[in-house]
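The residues making up each chain are set out below.
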Amino acid sequence: MLAEELRENLQELKQEIKETAERVGRDAKEIKIIAVSKNQSSSSIDILKEQGLKVFGENRVQELLEKNESLEGIEWHFIGHLQRNKVKYLLRMDNCKMIQSVDSYRLAKEINKRAKKNKRIMPVLVEVNIAEDENKFGLKADSACQFVQEIQKLENIKVEGLMTIAPYKEAEEVRPYFKKLAKLKEEINNKGFSLKELSMGMSNDFVVAIEEGATMIRVGTTLFGKRNYN
Ligand SMILES: *Cc1c(COP(=O)(O)O)cnc(C)c1O
């Protein structure tokens with residue numbers, strides 16, 4: 001995509017975040033953009049980076065590693081289903097700053113082990129399958145609290161919040177799911193935790209997600225245009 005278009009997309013996105021935040025009495029600075037760059041070119045990523053975007057999200061380890069080879073000054077968040085045998089590649093990268101998709105104790109233990117090896121504390125989010133969609137990964141809402149309790153005992157992991165992928169529907173239809181995730185975070189925090197982050201909202205529904213308390217929105221298409229799957 002042309003540099004000019006990418007710049008415009010980013011400006012429009014920022015404007016929409018600002019207007020939405022103002023409308024619901026939030027500070028736009030609380031809302032971080034995770035630019036989802038899967039299937040997008042390194043040159044497009046570079047242009048957005050030059051425009052001040054720092055954090056990019058990828059859902060495949062191999063693709064993230066390849067892009068990381070050709071780019072500098074990027075912080076990565078891993079946002080896809082993660083196999084345990086690939087955890088080591090992410091934990092070796094100082095600029096892989098968060099794993100947003102922790103959905104099992106075995107995965108958490110592996111992240112902890114590799115974090116220890118690399119002498120770091122890895123920030124993670126717990127992925128919740130808030131709509132109980134059988135095609136999606138993530139914990140059930142009613143087991144999330146106990147799960148946070150368990151994995152927070154692992155010394156080299158820091159649970160910073162919750163993440164969800166809402167069903168692909170009209171934005172208004174997914175509002176109840178975002179509300180439910182926000183409420184779940186509060187319930188967990190009432191038990192003595194201090195989770196900060198709510199990663200929810202994508203290109204089609206980030207406005208509603210912000211209205212319901214998102215602190216991270218994961219947007220691909222809105223920034224980069226349609227993904228090229230060839
Ligand atoms: C692809 C993807 C996104 C971004 O989707 P868009 O609709 O292009 O904004 C967000 N989150 C996850 C986990 C994804 O895989």
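Here we summarise the structure given alongside this text. Since this is a predicted model, take the numbers as computed values, not measurements.

Brief notes about the nonpolar core
Working step 1: Counting residues in hydrophobic clusters, the biggest one holds 66 residues, and the most contacted among them are Ile99, Ile111 and Leu223.
Working step 2: Discounting residues that sit within four places of it in the chain, isoleucine 111 has contacts with Val87, Leu91, Ile99, Val102, Met122, Val124 and Ile157.

What to know about the site of the ligand
Working step 1: Residues in close proximity to the ligand include Val36, Lys38, Asn59, Ile79, Ile165, Met202, Ser203, Arg218, Val219, Gly220, Thr221 and Arg227, which together make up its full environment.
Working step 2: Between lysine 38 and the ligand, the recorded distance is 2.7 Å, taken from a side-chain N or O atom to an oxygen atom.
Working step 3: One nitrogen or oxygen atom from the side chain of threonine 221 is found 2.5 Å from an oxygen atom belonging to the ligand.
Working step 4: Relative to its unbound accessible area of 390 Å², the ligand is 91% covered by the protein chains.
Working step 5: The residue makeup of the shell around the ligand, split by class, is 5 nonpolar, 4 polar and 3 charged.

Describing the pairing of strand β6 (residues 157-163)
Working step 1: Counting buried positions along β6 gives 6 out of 7 residues, so the element sits mostly inside the fold.
Working step 2: For strand β5 (residues 122-127) and β6, the ladder comprises 6 bridges, and the chain directions are parallel. Paired with glutamate 127 across the two strands is methionine 163, which belongs to β6.
Working step 3: Handedness of the β5-helix α6 (residues 141-151)-β6 crossover: right-handed.
Working step 4: In the sheet, β6 pairs with strand β7 (residues 197-199) via 3 bridges, with the strands oriented parallel. Residue leucine 162 lies in a different strand from β7, and its bridge partner there is leucine 198.
Working step 5: For the handedness criterion, the β-α-β arrangement of β6, helix α7 (residues 171-190) and β7 is classed as right-handed.

Points about the environment of phenylalanine 78
Working step 1: Assignment of secondary structure puts phenylalanine 78 in strand β3 (residues 75-78).
Working step 2: In sequence terms phenylalanine 78 and phenylalanine 56 are 22 residues apart; their C-alpha atoms lie 8.6 Å from each other.

Details of the packing of helix α1 (residues 3-23) against helix α2 (residues 42-50)
Working step 1: Contact pair α1 / α2: the axes reach a minimum separation of 10 Å and the direction vectors enclose 50°. Taken together, the axes of α1 and α2 are oblique relative to one another. Along this stretch, α1 crosses α2, giving a crossing that reads as right-handed. Two secondary-structure elements touch here, α1 through Ala3, Leu6 and Leu10 and α2 through Ser44, Ile47 and Leu48.
Working step 2: The class makeup of the residues in the contact of α1 with α2 is 5 nonpolar, 1 polar and no charged.

A closer look at α1
Working step 1: Compared with an ideal rise of 1.5 Å per residue, which puts 21 residues at 30 Å, α1 spans 30 Å between its outermost C-alpha atoms and is within 8% of the ideal.
Working step 2: Where α1 is buried, its residues touch β1 (32-36), α2, α8 (206-211), β8 (216-219) and α9 (221-224).
Working step 3: Of the residues trailing α1, glycine 25 is marked for its positive phi of about 70°.

Notes on the packing of α6 against α7
Working step 1: The interhelical angle for the contact between α6 and α7, taken along N-to-C directions, is 35°, at an axis separation of 10 Å. Handedness of the crossing formed by α6 with α7: right-handed. Only Lys180, Leu184 and Ile188 of α7 make contact with α6, whose side of the interface consists of Ala141, Ala144, Cys145 and Val148.
Working step 2: Residue classes in the contact of α6 with α7 are distributed as 6 nonpolar, no polar and 1 charged.

A look at α6
Working step 1: Every buried residue of α6 is accounted for by Ala141, Ala144, Cys145, Phe147, Val148 and Ile151.
Working step 2: On its buried face, α6 sits against β4 (96-102), α5 (105-117), β5, β6 and α7.

Notes on a negative patch on the surface
Working step 1: Taken together, the side chains of Glu5, Glu8, Glu12, Glu16 and Glu19 define an acidic patch exposed on the protein surface.
Working step 2: By secondary structure assignment, the location of glutamate 19 is in helix α1.

Notes on the pattern of salt bridges
Working step 1: In this structure the tally under the stated criterion is 19 salt bridges.
Working step 2: Between aspartate 46 and lysine 49 there is a salt bridge, with its nearest N and O atoms 3.5 Å apart. Taken together, the residues span about one helical turn, with aspartate 46 and lysine 49 both in helix α2 at a distance of 3 residues.
Working step 3: Here lysine 136 ties to aspartate 133 by a salt bridge, and the two come within 3.1 Å at their closest N and O atoms.

Thresholds, definitions, all that
Residues numbered from 1 in each chain as written. Predicted model: local features only at pLDDT ≥ 70, side-chain atom pairs only at ≥ 80, totals over all residues. Heavy atoms only, no water. Core = buried A, V, L, I, M, F, W, Y, C linked by side-chain atoms within 4.5 Å. Buried < 20%, exposed > 50% of the residue type's maximum accessible area, 1.4 Å probe, protein only. Contact = heavy atoms within 4.5 Å. Near = heavy atom within 4 Å. Polar contact = N/O pair within 3.5 Å; in protein donor to acceptor, adjacent residues only side chain to side chain. Areas by Shrake-Rupley, 256 points an atom, 1.4 Å probe, with all protein chains shown as cover. Nonpolar A, V, L, I, M, F, W, Y, C, P; charged D, E, K, R; others polar. Helix = DSSP H or I, 4+ residues; strand = E, 2+ residues; numbered from the N terminus. Pairing = 2+ DSSP bridges. Right-handed = clockwise from strand over helix to strand, strands pointing away. Axes fitted to C-alpha atoms, helices over the stretch in contact; angles between N-to-C directions. Parallel < 35°, antiparallel > 145°, perpendicular 65-115°, else oblique. Left-handed = near helix turned anticlockwise from the far one by under 90°. Expected span 1.5 Å × (residues − 1). Patch = residues over 30% accessible without salt bridge, like charges linked within 9 Å, V, L, I, M, F, W, Y side chains within 5 Å. Salt bridge = Lys/Arg side-chain N within 4 Å of Asp/Glu carboxyl O. Lys, Arg positive; Asp, Glu negative; His and termini not counted. Charge placed at Lys NZ, Arg CZ, Asp CG, Glu CD.

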